[in-house]
Amino acid sequence: MSALSGRLVVASHNAGKVREIAALLAPYGVEPVSAAALGLPSPEETETTFAGNAVLKAAAAAEASGLPALADDSGLEVLALGGAPGVTSARWAPDGDFRVAMERVWRELAGGSDLRARFVCALALKRPGEKPLVFEGEAKGTLVWPPRGAQGFGYDPMFVPDGLDRTFGEMAPEEKTPLTHRARAFEKLVASL
Ligand code: IMP
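Keep in mind it's a predicted model, so treat the numbers as computed, not measured. (Residues numbered from 1 in each chain as written. Predicted model: local features only at pLDDT ≥ 70, side-chain atom pairs only at ≥ 80, totals over all residues. Heavy atoms only, no water.)

What follows covers the environment of valine 190. Tracing the sequence through the fold places valine 190 in helix α5 (residues 181-192). Assessed through its relative accessible area of 22%, valine 190 is described here as partly exposed. Sequence separation between valine 190 and glycine 163 is 27 residues; the distance between their C-alpha atoms is 25 Å. (Helix = DSSP H or I, 4+ residues; strand = E, 2+ residues; numbered from the N terminus. Buried < 20%, exposed > 50% of the residue type's maximum accessible area, 1.4 Å probe, protein only.)

This brings us to the pairing of strand β2 (residues 30-34). In this sheet, β2 lies alongside strand β1 (residues 6-10) in parallel orientation, the contact comprising five bridges. What sits directly across from valine 9, in β2, is valine 33. Running through helix α1 (residues 15-25), the crossover from β1 to the neighbouring parallel element β2 is right-handed. (Pairing = 2+ DSSP bridges. Right-handed = clockwise from strand over helix to strand, strands pointing away.)

Packing of α1 against α5 brings their axes to within 11 Å, and their N-to-C directions diverge by 40 degrees. When the axes of α1 and α5 are compared, the pair comes out oblique. The element α1 and its partner α5 pack so that their crossing is right-handed. Contact residues: Lys17, Glu20, Ile21, Leu24 and Leu25 in α1; Arg182, Ala183 and Phe186 in α5. (Axes fitted to C-alpha atoms, helices over the stretch in contact; angles between N-to-C directions. Parallel < 35°, antiparallel > 145°, perpendicular 65-115°, else oblique. Left-handed = near helix turned anticlockwise from the far one by under 90°. Contact = heavy atoms within 4.5 Å.)

Attention now moves to the site of the ligand. Around the ligand, a shell composed of 19 residues is seen, among which Lys17, Ser74, Phe98, Asp156 and Arg182 lie nearest. Between the ligand and the protein, one listed contact pairs an oxygen atom with a side-chain N or O atom of glutamate 45 at 3.0 Å. Here an oxygen atom of the ligand sits 2.9 Å away from a polar atom, N or O, in the side chain of lysine 176. Relative to its unbound accessible area of 480 Å², the ligand is 95% covered by the protein chains. Looking at the shell around the ligand, the elements with two or more residues in it are β3 (69-78) and α5. (Near = heavy atom within 4 Å. Polar contact = N/O pair within 3.5 Å; in protein donor to acceptor, adjacent residues only side chain to side chain. Areas by Shrake-Rupley, 256 points an atom, 1.4 Å probe, with all protein chains shown as cover.)

A separate point is the sheet that holds strand β4 (residues 116-126). Taken in spatial order, the six strands of this open sheet run β2-β1-β3-β4-β5-β6, and their pairing is mixed. Both outer strands of the open sheet, β2 and β6 (159-161), are each paired with one neighbouring strand and no more. The average angle at which neighbouring strand axes cross in this sheet is 35 degrees, direction not considered. Contacts from α1 reach β1, β2 and β3, with the element oriented near 120 degrees to β3. Here α5 sits on the sheet and contacts β3, β4 and β5 (133-143); the angle it forms with β5, its principal contact strand, is near 155 degrees.

Structure representation (C-alpha cells):
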C-alpha cells in the first residue's frame, strides 16, 4: 500500500476495531495511530448508512489531524429483524454493554427459526485534499444462543460465520480477523490502491 506509507489515523475509539484494523495494516508498512491516541473527538454518527457514517468519521479525523484517515462503520444485520440493529448496532448496547445488546437481539427474534445474520463493514479512506474512497465487505453467518466465547468484541459471541461451528467470540484474533466483513472491505481497499 505504497500510496499510504507513513502515519495513518485509524478513526475509531472502539479498541476491538482498532486492533483488527492495525493487524490488517501491518503488512503494508503503515504506522497506524488511533483517534483516541491523538485525542480526536468522536463525531456524532448522523448518517443512515454504514458508508455515510464511515465517510463522516474519516473526514472529521483527516480534517482535525492533517493526516490521512481510515474509518470503519460496521454493524450486525439480522435478516428476520429487517436488518436491525444495523447502523444502530453500537447504540443497542447501553454503556457499551453488549450482553444487553445481544439479549435484545435474541428477545426480538422471539423464538423464530430464521437465525441468519451478517456483519457489514464500510471502510472510508480520506486523504487531506482528496475525495473519500469507500469500500464495503460482509461476513454471513448464523446467530446462536446462549452467547459463546470471551474473545473479540461486540456481538461476536452470538455469531457463527458460515462454514464453521464456533462463534467469533471463541476464535483467536488471528483466526477471526481474516474471516471478517472488515477484512473483505480492506481487501477491496488494497486492490484499489
Ligand atoms: P459503529 O461502527 O461505531 O457504529 O459500531 C459498530 C458496532 O457494530 C460495534 O460497536 C459492534 O457492536 C458491532 N460490530 C462491528 N463489527 C463487529 C465485529 O467484528 N464483531 C462484533 N461486533 C461488531
